[in-house]
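# Fold and contact review
Chain by chain, the residues run as shown.
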Amino acid sequence: MITAERLALPYTDAVAAATEHLYAGVRRSVTRAEWELYAPYVARIETLKRERKAVVLAHHYQSQEIYRCVADIVGDSLTLAQAAAATPADTIVMCGVHFMAETAKLLNPAKTVLLPDLAAGCSLAESITAADVRALRAAYPGTPVVTYVNTSAAVKAESDVCCTSANAVAVVESLGARRVIFIPDQYLAAHVATKTSVEIVTWQGHCEVHERFTAAEIIELREMHPGIVVLAHPECPPGVLANADFVGSTTAMLAYVKERRPARVAMITECAMAGNLVDAFPEIEFMQPCNLCPHMRRITLPKILRALETMQPQIEIEPALAARARLAVERMTRVRRDAAPT
Ligand code: 13P
Ligand code: SF4
């Protein structure tokens, strides 16, 4: 994936020798010319990771050269939170967005958590504040608050429990309540409401990437490509989900592809997800939507390298607030994972 930055490190014989085995893993999706720009960074990052005793975590929406070449662990929001909780590494480099790095720091207060670009935000996290949550609690006294991890630590601190798209139904049902407040993603909340008898109170938050998909697009896709299997993320609007063959988190979509091996598949989610699977499943034809998350795209190889060189920017959370937010995240990690909330 082309970045806005100039990739300036030289591609030497030593770099070629150290990285050639990694190129094999991306050769279908990264051209040789692009690789010669990336490889010097990949080689340097690998060296610094060892020196710093660092682990690189990458979300499924990161671009191929990060996801397949420098990440030690890849996954959805839940997998990354669990990996952050379990890692013996001293330093965590989060290749994802701010709320993911904050979640890693909540679970590892003594460790250094680096986010290569602090401006990597999220429209869902921006859609709600701690004051909004307090107002919801006042409007629905005694109703527990289930908060999608795509939120700030301040919002998590006002919540009873967190969830991700992989475990949302299981978390809602784990509370044993007749009604829950489910924030901030209106579409994920609507989807969860179709899977449970628990009454769901929603908020008006949306993912700026998934909200752009429309039911008409999916219908047209099916007309143009008969037999195509459509997998959709539950952050998409209800009309999109109603026209999908399968609805699930990024990891659930990956599991579907691995197990069922459809000949032709459309991944109705952030564009990089399909790109990251092209090399792993050469026999499958992936239709890649062009909806990119501008926040995920802020993370680049030069910024990862700079973060490891300078050990900046680090995530810091005020300890009293972190303690309250941690409780909500830890409660989530104790709930059974519901791999396919469909
Ligand atoms: P999951 O990785 O939990 O499926 O969430 C998708 C997403 O939008 C993360 O930003
Ligand atoms: Fe947030 Fe959507 Fe980007 Fe995920 S894809 S980080 S939910 S804006």
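Residues numbered from 1 in each chain as written. Chains lettered and ligands numbered in written order. Predicted model: local features only at pLDDT ≥ 70, side-chain atom pairs only at ≥ 80, totals over all residues.

What follows deals with the overall build of the protein. When you go through the protein residue by residue, the secondary structure sums to 16 helices and twelve strands. With 342 residues in all, the protein has 49% of them scored as buried. (Helix = DSSP H or I, 4+ residues; strand = E, 2+ residues; numbered from the N terminus. Buried ≥ 20, exposed ≤ 12 C-beta atoms within 10 Å, placed from the backbone.)

Let's shift gears to the site of ligand 2. Contacts to ligand 2 come from 13 residues, most closely from Val97, Cys122, Cys207, Val209 and Cys293. Its residues assigned to classes, the shell around ligand 2 comprises eight nonpolar, three polar and two charged. (Near = placed C-beta within 6 Å. Nonpolar A, V, L, I, M, F, W, Y, C, P; charged D, E, K, R; others polar.)

So, on to the nonpolar core. Nonpolar side chains tend toward joint burial in soluble globular proteins. Counting residues in each nonpolar core, the largest one holds 110 residues, and the members touching the most others are Met94, Leu231 and Ile268. If you tally residues by element for this core, the top one is helix 2 (residues 32-52), at seven residues. Those residues in contact with Ile268 that lie beyond four places of it in its chain are Phe213, Ile218, Val230, Leu231, Ala232, His233, Cys236, Val240, Ala244 and Pro289. (Core = buried A, V, L, I, M, F, W, Y, C linked by C-beta atoms within 7 Å. Contact = placed C-beta atoms within 7 Å.)

Let's shift gears to the sheet that holds strand 3 (residues 91-95). Across the sheet, four strands lie side by side as 2-1-3-4; this open sheet has parallel pairing. For this open sheet the edge positions go to strand 2 (73-75) and strand 4 (112-114), each flanked by a neighbour on one side alone. With strand direction ignored, the average angle separating the axes of adjacent strands in the sheet is 20°. Across three bridges, the pairing between strand 3 and strand 4 is parallel. Bridge pairing in strand 4 places Val93 opposite Leu114. (Pairing = 2+ DSSP bridges. Axes fitted to C-alpha atoms, helices over the stretch in contact; angles between N-to-C directions.)

In this section: the environment of Ala131. Structurally, the position occupied by Ala131 is in helix 7 (residues 130-139). Separated by 95 residues in the primary sequence, Ala131 and Glu36 have C-alpha atoms spaced 49 Å apart.

A few words now on the site of ligand 1. The environment of ligand 1 is made up of Asp76, Ser77, Asn150, Thr164, Ser165, Ala166, Cys207, Glu235, Ser249 and Thr250. A domain split of the shell around ligand 1 shows at least three residues from each of domain 2 (125-206 + 318-339) and domain 3 (210-287). (Domains from an automatic or database assignment.)

The alternating pattern of strand 9 (residues 229-232) places Val229 and Leu231 and Val230 and Ala232 on opposite faces, both of which are buried. Strand direction decides the pairing type here: strand 9 and strand 11 (residues 264-268), joined by four bridges, are parallel. Paired with Leu231 across the two strands is Met267, which belongs to strand 11. Bridge count for strand 9 against strand 10 (residues 246-247) is two bridges, and the pairing is parallel.

Spatial strand order, 10-9-11-12: four strands in an open sheet with parallel pairing. Either end of the sheet is taken by a strand with one partner, and the two such strands are strand 10 and strand 12 (285-287). Bridge count for strand 11 against strand 12 is three bridges, and the pairing is parallel. Considered in strand 12, the bridge of Arg264 is made with Glu285.

Looking at the protein, the domain boundaries give domain 1 (13-121 + 295-310), domain 2 (125-206 + 318-339) and domain 3 (210-287). Centre-to-centre separation of domain 1 and domain 2, based on C-alpha positions: 28 Å. If you look at the interface, domain 1 gives 14 residues, while domain 2 gives 16 residues. Those elements that place two or more of their residues in the side of domain 1 that touches domain 2 are helix 4 (77-86) and helix 5 (98-107). Broken down by class, the residue content of the side of domain 1 that touches domain 2 amounts to seven nonpolar, five polar and two charged.

Residues of helix 13 (residues 250-260) that are buried include every one of Thr250, Thr251, Ala252, Met253, Leu254, Tyr256 and Val257, and no others. The inward-facing, buried residues of helix 13 contact strand 2, helix 4, strand 9, strand 10, strand 11 and helix 14 (271-275). Downstream of helix 13 by one or two residues, Arg261 has phi in the positive range, about 45°.

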